[in-house]
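Coordinate inspection notes
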Amino acid sequence: MPDYPAATQRSRVRVPLRFHDGYGVDAELVTFHGLTDGREHVAMVLGDPAGATPLVRLHSECLTGDAFGSSRCDCGPQLREAVERIAEHGGVLLYLRQEGRGIGLYNKLDAYALQDQGLDTYAANTALGLPEDARDYTAAAQMLTALGIGELDLLSNNPDKAEQLRTLGVDVRHRIPTGVFTTAHNVLYLRAKVLRTQHTLPLAELTAG
């Protein structure tokens, strides 16, 4: 049994989603009581798994990428891709309020300034006296349990997400990579993900040009 308290569903509401490229889908957004970190994480229920193993993505909030369209990361395109793939298969996207790999928006922007001076994304965090990756997925496991999901396929390039969920008692059957969304501004960021934290991205394709 997991050694963290159970969370419960707080509310469910239908929301029609529309993206900048015209794609649209109806989602059910779920909020929760009792999440261990006290943050306002949201589950986005999409499609109908119809007995299949649900497809799940843990998507960490990225204001600059998700809302502003920043090309310094791949977060916005990953979010857009994940919503469509999960809607087609049936499953859940957990939108986790963990900006900047858990260090917060202001610190993330400070880290950007250090990256402009030549540090990679992880070295910039540590130069600020912060963890390379401060994210903890206990709340995600609580959310999945509250939704009745004990087994899933995880849509992610990040092996740490799968490892943490398994440690927390969630059966991650398969980890399914996302697409590769390179720009002239994020290629070094993506290379750092591969070299520093073993993300499943094609390193040979990630060249600065």
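Just above, that's the structure.
Residues numbered from 1 in each chain as written. Predicted model: local features only at pLDDT ≥ 70, side-chain atom pairs only at ≥ 80, totals over all residues. Heavy atoms only, no water.

**Digging into the overall build of the chain**
Each helix and strand counted, the chain has eight helices and seven strands in total. Rg of the C-alpha trace for the chain: 17 Å, near the compact-globule value of 17 Å for 209 residues, within the 12% margin. Accessible area for the chain stands at about 10100 Å²; split by element, carbon and sulfur atoms hold 52% of it. Averaged over its 20 positive side-chain charges, the chain has a centre that lies 1 Å from the centre of its 26 negative ones. (Helix = DSSP H or I, 4+ residues; strand = E, 2+ residues; numbered from the N terminus. Rg over C-alpha atoms; globule rule 2.2 N^0.38 Å. Areas by Shrake-Rupley, 256 points an atom, 1.4 Å probe, with all protein chains shown as cover. Lys, Arg positive; Asp, Glu negative; His and termini not counted. Charge placed at Lys NZ, Arg CZ, Asp CG, Glu CD.)

**Remarks on the pattern of salt bridges**
Counted by the stated rule, this structure contains nine salt bridges. Ionic pairing is found between R97 and E61, a salt bridge with its closest N-O pair at 3.0 Å. Of this pair, R97 sits in the loop between β5 (91-96) and α3 (99-102) while E61 is found in the loop between β4 (55-60) and α1 (63-67), placing the two residues 36 residues apart along the sequence. The salt bridge involving R80 is made with E84; its shortest N-O contact spans 2.8 Å. (Salt bridge = Lys/Arg side-chain N within 4 Å of Asp/Glu carboxyl O.)

**A look at the pairing of strand β2 (residues 24-33)**
As paired elements, strand β1 (residues 8-18) and β2 share ten bridges and run antiparallel to each other. Its bridge partner being in β2, R14 is matched across the sheet by E28. Where β1 folds back onto β2 in an antiparallel hairpin, the turn is made up of five residues, including G22, whose phi is positive at roughly 100 degrees. (Pairing = 2+ DSSP bridges.)

**Side note on the sheet that holds strand β7 (residues 171-176)**
An order of β1-β2-β3-β5-β4-β6-β7 is seen for the seven strands of this open sheet, with the pairing classed as mixed. Edge positions in the open sheet fall to β1 and β7, since each of these has one partner strand only. Put simply, the sheet's adjacent strands are angled 30 degrees from each other on average, direction ignored. Note that β4 and strand β6 (residues 151-155) share two bridges and pair parallel. Pairing of L55 across the sheet is with D153, part of β6. Lying on the sheet, helix α2 (residues 75-89) is in contact with β1, β2, β3 (42-46), β4, β5, β6 and β7; it crosses β4 at an angle near 160 degrees. Where helix α7 (residues 159-167) meets the sheet, it contacts β4, β6 and β7, and its direction lies at approximately 170 degrees from that of β7. (Axes fitted to C-alpha atoms, helices over the stretch in contact; angles between N-to-C directions. Contact = heavy atoms within 4.5 Å.)

**Regarding the environment of V187**
Relative to the elements of secondary structure, V187 occurs in helix α8 (residues 187-197). With relative accessibility at 5%, the residue V187 sits in the buried group. Taking the C-alpha atoms as reference points, V187 and S71, 116 residues apart in sequence, are found 9.8 Å from one another. (Buried < 20%, exposed > 50% of the residue type's maximum accessible area, 1.4 Å probe, protein only.)

**What to know about α2**
For the α-helix, the turn length of 3.6 residues means that residues three or four positions removed from each other point alike. The end-to-end C-alpha distance of α2 is 21 Å, a good match for the 21 Å that 15 residues give at a rise of 1.5 Å each. A positive backbone phi angle near 100 degrees is found at G90, which sits one or two residues after α2. (Expected span 1.5 Å × (residues − 1).)

**Let's talk about the packing of aromatic side chains**
Going through the model one piece at a time under the given rule, you end up with one aromatic pair. Consider the rings of F19 and Y23, whose centres lie 6.1 Å apart with planes at 35 degrees: the pair is tilted. Lying across the ring of Y112, R72 places its NZ or CZ 4.2 Å from the centre. Over the aromatic face of F19 sits the side chain of R80, whose NZ or CZ is 5.7 Å from the ring centroid. (Phe/Tyr/Trp six-rings, centres within 6.5 Å; stacked < 30°, edge-to-face > 60°. Lys NZ or Arg CZ within 6 Å of the ring centre and 35° of its normal.)

**Brief notes about the nonpolar core**
Ranked by internal contacts, the top residues of the largest apolar core, which has 27 residues, are A43, L58, V92, L94, L144, L152 and L165. Residue assignment for this core shows that the elements contributing at least two residues are β2, β3, β4, β5, α6 (138-146), β6 and α7. A total of five residues in this core trace back to one element, the largest contributor, which is α6. Residues L17, V25, L93 and Y95 belong to the second largest nonpolar core, which totals 15 residues. (Core = buried A, V, L, I, M, F, W, Y, C linked by side-chain atoms within 4.5 Å.)

That is the geometry; function is a separate question.
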